[in-house]
Amino acid sequence: MVKVFIPKTLAEALSIRNLHKTLVINGGTDVMVKFRRWSGMPPDFPLDVLHIGNLAELKHIEIAEGNLMIGAAVTLSELLEHPLVPDYIKLPIRQLASPAIRNMGTLAGNLCNASASGDSLPMLYALDAEVTLASTTGMRKLPVGQFITFAKQTLLRRDELMTEIIIPLADYTVSYYRKIGGRKVNAISKASFYAVAIKREGIIEDVRIAFGSVAPTAVRDRSCEEILMGTAGTELAANIETLRTRYGELLAPLDDSRSTADYRRHVSLQLLEDFIGRGLVT
Ligand SMILES: Cc1cc2nc3c(=O)[nH]c(=O)nc-3n(C[C@H](O)[C@H](O)[C@H](O)COP(=O)(O)OP(=O)(O)OC[C@H]3O[C@@H](n4cnc5c(N)ncnc54)[C@H](O)[C@@H]3O)c2cc1C
């Protein structure tokens, strides 16, 4: 019989994590689907369950030293409603699942699930987000690009919990997100594209670009972004072919039940071109 732990404090949760092999449930929107059985039956959990979704210590949203700090149990709906969260962070969250799923699901869950099609990942990669992982022996911080090692694989240890997501803030003047799915809402991405930029007096001072669902993890490359930096909007078109080629070599899409590799590659490079041609030039 599976035990269910519902701790009242983070310290209690970490102690349980240390003493027992547990399956963490936060919002449960991935976990409940993964271990579902037929209608009317409880899920088939392989381990004792640790529910952390109600921990008050993981419910904060605040700004510290220019970073947005998001507690691991903050739901996606709470993020969307919060006045401290800038629109360029809300952009992909608005298109993630549906209101009902966002009322339960969390950014931490999306990260720990580490699906290649996780809709928050391109944004978190592009913005250089970090995660805090805690255990009874201490805390460590990792950039998201190190935390996620492959599709569905992370560096989370079996005694650790993700406690916080840290996103450096900046005065981006351009933000762009497109998600390609089988329908307008509640669709898992076939491909997605996220970008932000700082453009002042016509010059691109900074730009960050990340692709989703076209490789085991989100694809971002600083050397490609640097090609666009320092460029005037009117000169951008000259770089499109170089960037299509460079990114084309980095994307490694798969054929699966949702789409084909060819379609994913084609549409991703079209979105890159649209972002440069319309998002950055205008
Ligand atoms: C109908 C439906 C539609 C969906 N649509 C989308 C979509 O459009 N885009 C998308 O990206 N996703 C989608 N999802 C997937 C899911 O909703 C998201 O991945 C969500 O962000 C998961 O968050 P959660 O809190 O519910 O995670 P949970 O299910 O609670 O956990 C997910 C994984 O992370 C681990 N985990 C969670 N929090 C922690 C923590 N703090 N520390 C350590 N481990 C932790 C869990 O053990 C589990 O392995 C959809 C799901 C459903 C059911």
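Residues numbered from 1 in each chain as written. Predicted model: local features only at pLDDT ≥ 70, side-chain atom pairs only at ≥ 80, totals over all residues. Heavy atoms only, no water.

**Here's the deal with the sheet that holds strand β4 (residues 61-64)**
In space, the five strands of this open sheet follow the order β4-β5-β10-β6-β7, with antiparallel pairing throughout. Of all the strands in the sheet, just β4 and β7 (138-143) have a single pairing partner and so form its edges. Here the strands of the sheet are splayed against their neighbours by 25° on average, with no regard to which way each runs. Bridge count between strand β6 (residues 130-135) and β7: six bridges; the pairing is antiparallel. Bridge pairing links Ala 134 to Met 139 in β7. Where helix α1 (residues 10-19) meets the sheet, its contacts fall on β6 and β10 (161-168), and the angle it forms with β10 comes to roughly 120°. (Pairing = 2+ DSSP bridges. Helix = DSSP H or I, 4+ residues; strand = E, 2+ residues; numbered from the N terminus. Axes fitted to C-alpha atoms, helices over the stretch in contact; angles between N-to-C directions. Contact = heavy atoms within 4.5 Å.)

**Details of the pairing of strand β12 (residues 191-200)**
In terms of burial, β12 is largely enclosed, as nine of its 10 residues are buried. Bridge count between strand β11 (residues 174-180) and β12: seven bridges; the pairing is antiparallel. Of the residues in β12, the one forming a bridge with Arg 178 is Phe 193. By the bridge criterion, nine bridges tie β12 to strand β13 (residues 203-212) in an arrangement that is antiparallel. Bridge pairing in β13 places Phe 193 opposite Phe 211. (Buried < 20%, exposed > 50% of the residue type's maximum accessible area, 1.4 Å probe, protein only.)

**Describing the sheet that holds strand β2 (residues 22-25)**
Read from one edge to the other, the open sheet built from three strands follows the order β1-β3-β2, with strand pairing classed as parallel. Looking at strand neighbours, the two that pair on one side only are β1 (4-5) and β2, the edges of this open sheet. Judged from the two bridges that link them, β1 and strand β3 (residues 48-51) form a sheet pairing that is parallel. In the sheet register, Phe 5 faces β3, and the bridge partner there is Leu 50.

**Details of the site of the ligand**
With respect to spatial proximity, 31 residues lie near the ligand, and among them Val 24, Thr 29, Asp 30, Thr 106 and Asp 119 are the closest. A distance of 2.7 Å separates an oxygen atom of the ligand from a polar backbone atom of Val 24. Separating an oxygen atom of the ligand from a backbone N or O atom of Gly 27 is a distance of 2.8 Å. Relative to its free-state accessible area of 990 Å², the ligand is covered by the protein chains to the extent of 88%. (Near = heavy atom within 4 Å. Polar contact = N/O pair within 3.5 Å; in protein donor to acceptor, adjacent residues only side chain to side chain. Areas by Shrake-Rupley, 256 points an atom, 1.4 Å probe, with all protein chains shown as cover.)

**A short note on unusual backbone geometry**
Working note: non-glycine residues mostly have negative phi, and peptide bonds are mostly trans. Residues other than glycine seldom take positive phi values, yet Ala 97 does so here, at roughly 55°. Turning to its location among the elements, Ala 97 is positioned in the loop between α4 (87-94) and α5 (99-104). Taking relative accessible area as the criterion, Ala 97 reaches 15% and is therefore assigned buried. Although it is not a glycine, Glu 201 sits at a positive phi angle of roughly 45°. Here Glu 201 lies in the loop between β12 and β13.

**Regarding the environment of Asn 113**
Tracing the backbone through its elements, the reader meets Asn 113 in helix α6 (residues 107-113). Expressed as a C-alpha distance, the spacing of Asn 113 and Lys 152, which sit 39 residues apart in the sequence, is 5.9 Å. Apart from residues lying up to four places away in sequence, Asn 113 is in contact with Asp 30 and Lys 152. Here Lys 152 takes part through its side chain, which lies 3.3 Å from a polar atom of the side chain of Asn 113.

**A word on the domain arrangement of the protein**
Along its sequence, the protein is carved into domain 1 (4-168) and domain 2 (174-280). Computed from C-alpha coordinates alone, the two centres of domain 1 and domain 2 are separated by 26 Å. Contact residues are listed per partner, giving 22 residues for domain 1 and 21 residues for domain 2. By the criterion of area lost to domain 2, the three top residues of domain 1 are Gln 95, Pro 122 and Ala 126, representing 27% of everything that side buries. Connecting domain 1 to domain 2 are three salt bridges. Linking Arg 208 and Asp 128 is a salt bridge whose minimum nitrogen-to-oxygen distance equals 3.3 Å. If you look at where domain 1 meets domain 2, you find 13 residue pairs in polar contact (both at pLDDT 80 or more). When residues of the side of domain 1 that touches domain 2 are traced back to their parent elements, those giving at least two are α4, α7 (121-126) and β8 (148-150). Counting residues per element, the side of domain 1 that touches domain 2 draws most heavily on α7, which supplies five residues. (Domains from an automatic or database assignment. Buried area = accessible area lost by both parts, 1.4 Å probe. Salt bridge = Lys/Arg side-chain N within 4 Å of Asp/Glu carboxyl O.)

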